[in-house]
Structures are given as structure tokens and as C-alpha cells.
Amino acid sequence: MSQIPSRISSPKPQDFLKGGGETNIGDATTSDLLNFIEPTVVFRVQNALFGLPRTQVLRSGFFRLMMESPHLGDSKEGTTDRPIIFDERTGITKRDMKIFCAVLDIRAFHAAPTFSVTEWASAYRLAKMWDFEQLRDYIFKHLNASITDPFERIEFADALGFD
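Summarised in this report is the structure supplied together with it. (Residues numbered from 1 in each chain as written. Predicted model: local features only at pLDDT ≥ 70, side-chain atom pairs only at ≥ 80, totals over all residues. Heavy atoms only, no water.)

1. Some words on the pairing of strand E4 (residues 48-53)
The two faces of a sheet get side chains in turn, since along a regular strand they alternate between them. Of the two faces of E4, the one lined by Ala48, Phe50 and Leu52 is fully buried and the one lined by Leu49, Gly51 and Pro53 carries no buried residue. Across six bridges, the pairing between strand E3 (residues 40-45) and E4 is antiparallel. Within E4, the residue paired with Phe43 across the bridge is Phe50. Remark: two residues form the turn of the hairpin made by E3 and E4, two consecutive strands paired antiparallel; Gln46 in that turn has positive phi of roughly 50°. (Buried < 20%, exposed > 50% of the residue type's maximum accessible area, 1.4 Å probe, protein only. Helix = DSSP H or I, 4+ residues; strand = E, 2+ residues; numbered from the N terminus. Pairing = 2+ DSSP bridges.)

Written out as C-alpha cells, the structure is:
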């Protein structure tokens, strides 16, 4: 009969991400465990870094074209060393990106949305810009349900480019 250790020690999260060598955890190694951690694409907006799951990013026609084209980038594009940069010319703010990331999370967990109409509109603008079709449709449903005043509907429709 084998003994079960009374205290299991596990490495700190940063130990998993360090280059070189493997950390043993029972019978698994770091490289085995990293296969279960979803790769992240890193973006920089106003000197803040944002990481989004690669599978979510590739749902965007815009980013899929960028990341899968052999002519537009390399494998290091979208890492912490070489984030995808959105500077002031894009009009994307840190606040826009935070809201966009939160909407992506809400969709994944089906939690009740608690955003203002302005915040939903901000996320819609990025989803439309980056060609996230399903996310854009999801946000549109919430915007459509949130805006009841006809004049406000017209104002938002014009601002967001609805037909």
C-alpha cells in the first residue's frame, strides 16, 4: 500500500511559464500541463496588456486573416514580447478593451449582462471592427433589448452604423 503525502506542493503559476526545464508534478510535467492551458493572444492598448484566448481571437475574420497568413506576421506575433498594438490612431481605449473582454467572458459563462447601453455600444464597435460575427450579433440583441426610446434607437443606430 502506498502512502499518500499529507501535503501536496505545487509550483507557482509563474514557474509554469518560465522558459527552459520542466517542473515535475506527480507523474505530469509542465509541458504536459501546458497542453491544457489555452494559448493567449496578447494585445497592447494604451500601454496596458490584454490577453484573449486564441480560440476566441480566431473567431474574428480580421484576426484569423492576420494570424494565419504567412505574409502578415510570425509565430511570435501576439505574445507578451510582441503584442498586437492598437495605438491612438485606432481610436481604441483601455476602457473599450476592458468592456470587450468582459463581454467575451459573459458570453462564455451566460451570466446576466450588467452593462450600460454605452458600454454595450463600445463592445459592439470593436466586435464589428474586428469581424467577430457571433459576438456582434450577441451584443446587438442586448443593445436592441436595452434601448426602448425610439429617438435613442435612431441615435445609436446612426453612431454604430446599423441599417
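2. Section: the nonpolar core
Ranked by size, the top nonpolar core spans 37 residues in total, and within it Phe43, Phe100, Val103, Trp130, Leu135 and Ile139 carry the most contacts. If sequence neighbours within four positions are ignored, Phe43 has contacts with Ala48, Leu49, Phe50, Leu52, Val57, Phe63, Pro83, Ile84, Phe86 and Met97. (Core = buried A, V, L, I, M, F, W, Y, C linked by side-chain atoms within 4.5 Å. Contact = heavy atoms within 4.5 Å.)

3. Overview of the packing of aromatic side chains
Enumeration over the complete set of coordinates arrives at twelve aromatic pairs. Ring centres of Phe63 and Phe86 lie 6.2 Å apart, and the angle between their planes is 75°; on these two criteria the pair is classed as edge-to-face. Placement of Phe63 in helix H4 (residues 61-68) and of Phe86 in strand E5 (residues 84-86) is noted, with a sequence separation of 23 residues between them. In this structure Phe63 comes out as buried when scored by relative accessible area, which is 1%. Judged by its relative accessible area of 8%, Phe86 falls in the buried class. An aromatic cluster is built from Phe43, Phe62, Phe63, Phe86, Phe100, Trp130 and Phe132, whose rings are joined through pairwise contacts. (Phe/Tyr/Trp six-rings, centres within 6.5 Å; stacked < 30°, edge-to-face > 60°.)

4. Thoughts on the pairing of E3
Two elements, E3 and E5, share three bridges in a ladder whose sense is parallel. Bridge assignment links Phe43 to a residue of E5, and that residue is Ile84.

5. Overview of the sheet that holds E3
Here we have three strands laid out as an open sheet, ordered E4-E3-E5, and mixed in their pairing. Two strands in the sheet have a free side with no partner beyond their single neighbour: E4 and E5. Along the sheet, successive strands turn relative to each other by an average axial angle of 30°, direction set aside. (Axes fitted to C-alpha atoms, helices over the stretch in contact; angles between N-to-C directions.)

6. Some remarks on a negative patch on the surface
Where like charges cluster on the molecular surface, the negative patch consists of Asp149, Glu152, Glu155 and Asp158. Checked against the element boundaries, Glu152 lands in helix H8 (residues 150-160). (Patch = residues over 30% accessible without salt bridge, like charges linked within 9 Å, V, L, I, M, F, W, Y side chains within 5 Å. Areas by Shrake-Rupley, 256 points an atom, 1.4 Å probe, with all protein chains shown as cover. Salt bridge = Lys/Arg side-chain N within 4 Å of Asp/Glu carboxyl O. Lys, Arg positive; Asp, Glu negative; His and termini not counted. Charge placed at Lys NZ, Arg CZ, Asp CG, Glu CD.)

7. Observations concerning the packing of helix H6 (residues 117-129) against helix H7 (residues 133-146)
Each packed pair of helices is defined by two parameters, the angle between the axes and the distance between the axes. In the contact formed by H6 and H7, the axes pass within 9 Å of each other and the chain directions differ by 155°. The orientation of H6 with respect to H7, classified from their angle, is roughly antiparallel. The hand of the H6/H7 crossing is left-handed. On the side of H6, the interface is formed by Val117, Trp120, Ala121, Ala123, Tyr124, Ala127 and Lys128, while H7 contributes Leu135, Arg136, Tyr138, Ile139, Phe140, His142, Leu143 and Ser146. Here the contact of H6 with H7 is built from residues that sort into eleven nonpolar, two polar and two charged. (Parallel < 35°, antiparallel > 145°, perpendicular 65-115°, else oblique. Left-handed = near helix turned anticlockwise from the far one by under 90°. Nonpolar A, V, L, I, M, F, W, Y, C, P; charged D, E, K, R; others polar.)

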